[in-house]
Amino acid sequence: MALRRRTKGSPLTGRERGVLEAVVRTYVETAEPAGSRTLARRYNFGVSAATIRNTMADLEDEGYLSHPHTSAGRVPTDMAYRFFVDKVVKPESLTEVEKSLIERELTAGDSTLERILQSATRALGILVNELGVGSVPRLDAACLEKIDLIRVSSSKVLMIVTVRSGMVRTVYVDLPGDVPADVLNGLQRVLNERLAGLTFAEIRRSFGERLRDAVEDPAARDILNIFVESSDEFFGPGTASQDQVVLGQTSAIAGQPEFANNERLRDLIALTEQKELLARVLGKRVAGGGPYVTIGGEHAPELAGFTLVTSGYRLGGLRGVVGVIGPTRMPYEKVIAIVDYTSSLVTSMLEP
């Protein structure tokens, strides 16, 4: 008697769910296509390898599995990973070693947002062998608290911009020759009197107007013009710009089997150079909080071969995300747990 095939498009049976989960887990662990005999040995399905093979054929017909030409086994498709993440995944509990590593990385050094995100992306790369990513929020709505000007050489000043939420930005400013300390102090006072309490968007729109006739001394006026001309740099990014992107070390992910192929490795390197694309993608995830997982073809073509896992962090009224980019063959339970823990730790460090 011929076996009755499943109706295409109908919900997965218990056996199909079990076989699909087994294929995903086997492929994630081994990076090799999973065959029916392998699954029969590794998992106690209580049926023959032939029955598992038939079930895998049904799953392939449904689009959950694909069949590489050079192998008798099958690999999960984006659709399979989506099912796995939505229906199967239960984030793992982090070990104390993993927590300690993340905390140690994030608490080393100063507490500026950029530095914390750089440490977070590095820690994520170390723990999950993926490419850590993070976004620094746009500051259009952020309110300026104060500006400090600190001389670092005879013709260079460090401008420290403090935002009301606690975020700090630093910019080096080149000046025309040696500037007396009293002139520098006067400029700092003027900048704070005219700009403190305004949003970055307001400052950019009216920087020159607000500082017009602010000083009488010609030398001080020349220096002030430097600040006026560079206001977009100091108080950007502008409304047309995207969030700033922070990336971890590519070496963390380059060792994955998927990138043994030179073409795939080139795709990865090219992706890291497309900061505007990554900024747009990350910017769309800010409002969603997290954890947020998108897979393969759910992305723009440049990201079609990757999975992106992010979780949101807060800095006062500002929002950003931290997470990882990796191949779709990813240990989702571990990655989701680590990304979520890291984002919560970033928030706790920024909002003590």
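In what follows, the structure referred to is the one given above.
Because the structure is a prediction, the values reported are computed rather than measured.

The rules behind these values
- Residues take numbers from 1 onward in each chain, read along the sequence in its written order.
- This being a predicted model, a pLDDT of at least 70 is required before a residue's local features are given, and a value of 80 or more before pairs of side-chain atoms are given or counted; all residues contribute to the totals for chains, interfaces and linings.
- Heavy atoms throughout the structure, all of them, feed into the side-chain values; hydrogens and water do not.
- Runs of H or I in DSSP of at least four residues are treated as helices and runs of E of at least two as strands, each being numbered from the N terminus.
- Each residue's exposure class comes from its accessible area (1.4 Å probe, protein chains only) as a fraction of the maximum for that residue type: buried when under 20%, exposed when over 50%, partly exposed otherwise.
- For this analysis, residues touch if any pair of their heavy atoms sits within 4.5 Å.
- Under the convention used here, a 1.4 Å probe and the Shrake-Rupley method define accessible areas, while residue burial counts only the protein chains that appear.
- We count Lys and Arg on the positive side and Asp and Glu on the negative side, and we leave His and both chain ends out.
- Charged groups are reduced to one reference atom each: NZ for lysine, CZ for arginine, CG for aspartic acid, CD for glutamic acid.
- Every helix has an expected span of 1.5 Å times one less than the residues it contains.
- Only buried residues count toward a nonpolar core, which is a set of Ala, Val, Leu, Ile, Met, Phe, Trp, Tyr and Cys residues joined through side-chain atoms within 4.5 Å.
- Salt bridges are defined as contacts in which a side-chain nitrogen from Lys or Arg sits within 4 Å of a carboxyl oxygen from Asp or Glu.
- Only when DSSP finds a minimum of two bridges between them are two strands counted as paired.
- Working convention: axes come from line fits to C-alpha atoms, limited for helices to the stretch in contact. Angles between N-to-C directions cover 0 to 180 degrees.
- Patch criteria: residues need more than 30% relative accessible area and no salt bridge. Like-charged residues are merged within 9 Å; nonpolar side chains of Val, Leu, Ile, Met, Phe, Trp and Tyr are merged within 5 Å.

1. Some words on the overall build of the chain
- When its secondary structure is counted, the chain shows 14 helices and 10 strands.
- Here the chain holds 352 residues, and the buried ones make up 48% of them.
- Taking all contacts inside the chain whose residues are at least 6 apart in sequence as the whole, residues at least 24 apart take part in 62%.
- Of the roughly 17100 Å² of accessible surface on the chain, a fraction of 48% belongs to carbon and sulfur atoms.
- Counting 42 positive and 45 negative side-chain charges, the chain places the centres of these two groups 8 Å from one another.

2. Observations concerning helix α6 (residues 113-128)
- End to end, α6 covers 22 Å across 16 residues, agreeing with the expected 22 Å (1.5 Å per residue, within 8%).
- Counting buried positions along α6 gives 12 out of 16 residues, so the element sits mostly inside the fold.
- Taken residue by residue, α6 has Leu113, Glu114, Arg115, Ile116, Leu117, Ser119, Ala120, Thr121, Ala123, Leu124, Gly125 and Val128 as its buried positions.
- Positioned one or two residues after α6, Asn129 has a phi angle of 55°, which is positive.

3. Details of the nonpolar core
- Counting residues in each nonpolar core, the largest one holds 84 residues, and the members touching the most others are Leu149, Met159, Leu191, Leu195, Phe227, Phe235 and Tyr332.
- Examining the composition of this core, we find that nine residues originate from one element, helix α14 (residues 332-350), more than from any other.
- Each residue touching Phe227, except ones within four places of it in the same chain, is listed here: Leu149, Met159, Val173, Leu191, Phe207 and Phe234.
- Counting 18 residues, the second largest nonpolar core, distinct from the first, contains Ile253, Leu271, Val281 and Leu303.

4. What about the pattern of salt bridges?
- Following the criterion strictly, the structure yields 14 salt bridges and no others.
- Among the salt bridges present, the one from Arg25 reaches Glu333, with a minimum N-O distance of 2.7 Å. With Arg25 in helix α1 (residues 14-30) and Glu333 in helix α14, this residue pair connects regions lying 308 residues apart in the sequence.
- The exposure class assigned to Glu333 is buried, which follows from its relative accessible area of 11%.
- A salt bridge links Arg151 to Asp178; its shortest N-O distance comes to 3.2 Å. Taken together, the residues span a long stretch of sequence, with Arg151 in strand β4 (residues 144-153) and Asp178 in the loop between β6 (168-174) and α7 (181-195) at a distance of 27 residues.
- What you see here is one network of salt bridges that share partners, running through Glu21, Arg25 and Glu333.

5. A few points about the sheet that holds β4
- The three strands are arranged β4-β5-β6 in an open sheet whose pairing can be described as antiparallel. Lying at the two open borders of the sheet, with one neighbouring strand each, are β4 and β6. Strand-to-strand twist across the sheet, computed as the mean angle between neighbouring axes with direction ignored, equals 20°.
- Bridge count between strand β5 (residues 156-163) and β6: seven bridges; the pairing is antiparallel. What sits directly across from Met159, in β6, is Val171.
- Each of β4 and β5 touches α7; the most contacted strand, β4, lies at about 165° to it.

6. Considering a nonpolar patch on the surface
- Residues Ile150, Val152 and Tyr172 make up a contiguous nonpolar surface patch of about 290 Å² in total accessible area.
- Counting through the fold element by element, Tyr172 comes out in strand β6.
- According to the relative accessible area criterion, Tyr172 is exposed, its value standing at 54%.

7. Considerations on the environment of Phe200
- Assignment of secondary structure puts Phe200 in helix α8 (residues 200-211).
- Phe200 gets classed as buried once you look at its relative accessible area, which sits at 0%.
- Considering only alpha carbons, one finds Phe200 and Leu139, 61 residues apart in sequence, at a separation of 6.2 Å.

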